[in-house]
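In case you want the letters, here they are:
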Amino acid sequence: MMNCNRVIRKEHHIHEECGVFGVFSDNRTDVASLAYYGLFALQHRGQESAGIVVNDDGVFNAYCDVGLVNDVFSGNRLEKLGMGNIVVGHVRYATTGADSKRNAQPLVINHHKGQMALAHNGNLTNSSELRGELEERGSIFHTTTDSEAIAYILVQERLRCSSIESAVRAAMDRLEGAYSLVIASPTKLIAVRDPHGFRPLCMGRRSDGAIVFASETCALDAVGAVFERDVQPGEIVTVSPQGIQSDTSHCGKVPKTLCVFEHIYFARPDSVIDGAGVSDARQRAGAFLAQEHPVEADVVIGVPDSGLDAALGYARESGIPYEIGFTKNKYIGRTFIAPDQSLREAGVNIKLNPIRSVVAGKRVILIDDSIVRGTTCRRTIGMLRDAGAKEIHMRVSAPAFVAPCFYGTDIDSAEHLIANHHSVEEIARIIGVDSLGYLSREHVVQLTGNDTGFCTACFGGEYPTKIPDVGEKNRFERKIHEKDLEETKCQTVRL
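These notes cover the structure that comes with them. (Residues numbered from 1 in each chain as written. Predicted model: local features only at pLDDT ≥ 70, side-chain atom pairs only at ≥ 80, totals over all residues. Heavy atoms only, no water.)

1. Details of the pattern of salt bridges
A side chain of one charge can pair with a side chain of the opposite charge when the charged atoms of the two come close.
Okay, so step 1: In total, this model carries 19 salt bridges according to the counting rule given.
Okay, so step 2: Salt-bridge contacts for D56 lead to R28; the nearest nitrogen and oxygen are separated by 3.0 Å. Of this pair, D56 sits in strand 2 (residues 49–56) while R28 sits in strand 1 (residues 18–29), and the two are 28 residues apart along the sequence.
Okay, so step 3: Its relative accessible area of 54% is what places R28 among the exposed residues.
Okay, so step 4: In this structure, the salt-bridge partner of K328 is D305, at a minimum N-O distance of 2.9 Å. (Salt bridge = Lys/Arg side-chain N within 4 Å of Asp/Glu carboxyl O. Helix = DSSP H or I, 4+ residues; strand = E, 2+ residues; numbered from the N terminus. Buried < 20%, exposed > 50% of the residue type's maximum accessible area, 1.4 Å probe, protein only.)

Put into C-alpha cells, the structure is as follows:
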C-alpha cells in the first residue's frame, strides 16, 4: 500500500467531500472512459485521489492513486482497465483518514460470494463504534477511512443474505450519518443514499440505454446521460440484467437534511440538486444578503468560484454594478503544495489576483461563501487594498460557522472557528474590512425557494443525528512502513 510522503498544504477554508460515479451497461463497452469523463466533471468535489474499478463479467480491474483524475489516468492507464459492463469511480477529499493512496477509492473487497467495489461520499457518525466492534470480531483494517467499515458491514450482511441489495438494506440499519454509495457486485450496480439525504446522488440514462449514477448532474451531462431523477433519501436503487428495482423501505423515516453547503459552495453551479439549480440558489443567497445588509458602494465582486453567483444576485437586488474583480489561475486547484507557512501565505497571489481597474478608488462589496479562521479572506482583502480599493464591505453567503461538521464537511474543531471567539465587528477589524455581514439562518434554509430540508448544524442548528464523542479527522491514522510506498494497486481487502 502507498502512503504519499509529500504534505498537501490546505488553505484555511472549507473543502469538498468526495464524488461518486457509476455506470451499468447491458453491453460490454468502454465504461472506463465514461467513468473518466464523469470523474473529470466531479473533480471539484475531490482533488487528492481518484480511482476507477471496471467489472468485466464478474472480473474486477481496478486502479487508484493520489492526484487529479487527468494525472492518475494519464498515458495508457485508462486503456489498461479494459472493457466491461459495470464501472464505479471516485474522487476524494480526505475528511476522515489521511490523503494517502491507501485511502483512495473505490475499495475492492474479495469474499467467498464474489467481489464488490464500493465508492462512498459522506461521513459516518458511528464509525468509531463500528470499527471497534469489527476489530473485536477479527476484522483487520487496511485503510483509515470510515468507508472500509461500511465495506466490512456490507460483507458481513452479504454472507447472511441471499442478495447484495438485501445485504445493503440490512447494513443500513447499522450505519449512521452521511453516506451516498455506488456499489458494484459481479452482476449488479447499486446506488444508495442515507435516510437523511445529507449528500446528493442522481440517476440518468444514456441513449444506448446505459444507467448512470453520479453525485451531481454535471457528471451526467459530461457522459451524454439525460437526468431522470434523484435517488431519494433512504432509497436503494439496483440495476441488473433484469432491469431497475427500487427499495424504499428506509425512506421517510427521518426528516430530510441535505447539507446546505452543497448549494452554497460544494456543487458545480451548473448542477441541479434535489430539483433546485445550484446557480439559482447562490444568486438567491446574494439577493438575501442585499436585503439584510445593504450598503452604499460602487461595485460588487465575488471571490471565485462560488462567490460569483452570489455576487451577481447581490448586484441585481441592490442595483449596484456587478464586475469580475479577480482573475483566477486555472492550473491551481483548491489545494496547493508549499514547503512552509510563510511561502504558502505568499503564494496565494499565484492562485488569485485582483483586477486593478475594477477596484481601484472604488467602494467594493466583496462576496464570499464563508469565513472559517479568517486567514484566507484576510489575504484576499489585503490584495484588494493593495490594488487601490477605497472601501471594502464583505458579505458572506452563509451564516457564521460555530460548530463542527460530522457529515463530510472538513470543519472538525469549534475552537478554530473565528466566529466562536469574536463578534462580527471584531472579525471585520481582524480581516480588514469596513463592514461585514453574514446571511441569516432564516434565509439560508430558503435558498432553493421551496422546503428542501437542510442540515444547518454547523451554523448552530441541531444535529440531525447523534454525534460521535471522538470527532478528530484523522482518528484512525497509524504510522505506515516505508515499504508501503511501493504499492501501485487499489486497496483490496481479502476476507
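2. Side note on the pairing of strand 22 (residues 435–438)
Across a regular strand the side chains alternate sides, sitting on one face of the sheet and then on the other.
Okay, so step 1: The side-chain alternation of strand 22 yields two buried faces, one formed by S435 and G437 and the other by L436 and Y438.
Okay, so step 2: Here strand 21 (residues 391–396) runs beside strand 22; their pairing, made up of four bridges, is parallel. Across the sheet, the residue bridging to H393 is S435, located in strand 22. (Pairing = 2+ DSSP bridges.)

3. Examining the side chain of T125
Okay, so step 1: Within the secondary structure, T125 is located in the loop between strand 6 (114–121) and helix 4 (127–136).
Okay, so step 2: Other than its neighbours up to four places away in sequence, T125 contacts E176, G177, F406, Y407, T465, K466 and P468. (Contact = heavy atoms within 4.5 Å.)

4. Description of the packing of aromatic side chains
Okay, so step 1: Evaluated as defined, the whole model comprises 11 aromatic pairs.
Okay, so step 2: Each ring, one from Y36 and one from Y37, has its centre 5.2 Å from the other, and the planes form 80 degrees; the classification is edge-to-face.
Okay, so step 3: Here the aromatic rings of F261 and F459 are separated by 5.8 Å at their centres, their planes lie at 45 degrees, and the arrangement is tilted. Taken together, the residues F261 in helix 8 (residues 261–266) and F459 in the loop between strand 23 (454–455) and strand 24 (492–494) connect sequence positions 198 residues apart. (Phe/Tyr/Trp six-rings, centres within 6.5 Å; stacked < 30°, edge-to-face > 60°.)

5. Topic: the packing of helix 4 against helix 5 (residues 146–160)
Okay, so step 1: Between helix 4 and helix 5, the shortest axis-to-axis distance is 10 Å and the interhelical angle comes to 55 degrees. Judged on the interaxial angle alone, helix 5 and helix 4 are oblique. In this structure, helix 4 meets helix 5 at a crossing whose hand is left-handed. Contacts from S127, L130 and L134 of helix 4 reach helix 5 at D146, A149, Y152, I153 and Q156.
Okay, so step 2: Residue composition of the contact of helix 4 with helix 5, grouped by class: five nonpolar, two polar and one charged. (Axes fitted to C-alpha atoms, helices over the stretch in contact; angles between N-to-C directions. Parallel < 35°, antiparallel > 145°, perpendicular 65-115°, else oblique. Left-handed = near helix turned anticlockwise from the far one by under 90°. Nonpolar A, V, L, I, M, F, W, Y, C, P; charged D, E, K, R; others polar.)

6. Observations regarding the nonpolar core
Okay, so step 1: F261 and L447 are the most contacted members of the largest nonpolar core, which has 41 residues in total.
Okay, so step 2: Broken down by secondary-structure element, the contributors of at least two residues to this core are strand 14 (258–259), helix 8, helix 9 (278–292), helix 10 (306–318), strand 20 (363–368) and strand 23.
Okay, so step 3: No other element matches the six residues that helix 9 contributes to this core.
Okay, so step 4: When residues no more than four places from it in sequence are discounted, the contact partners of L447 are V260, I264, A281, R284, A285, F288 and L439. (Core = buried A, V, L, I, M, F, W, Y, C linked by side-chain atoms within 4.5 Å.)

7. Description of the sheet that holds strand 2
Okay, so step 1: In space, the seven strands of this open sheet follow the order 3-2-4-1-10-9-11, with antiparallel pairing throughout. Two strands bound the open sheet, and with one partner strand each, they are strand 3 (59–66) and strand 11 (225–230). Direction aside, neighbouring strands of the sheet carry axes that sit 15 degrees apart on average.
Okay, so step 2: Relative to strand 4 (residues 84–92), helix 1 (residues 31–41) is tilted by about 25 degrees, and along the sheet it contacts strand 1, strand 2, strand 4 and strand 9 (202–206).

Without other data, these values stay purely geometric and don't point to any function.
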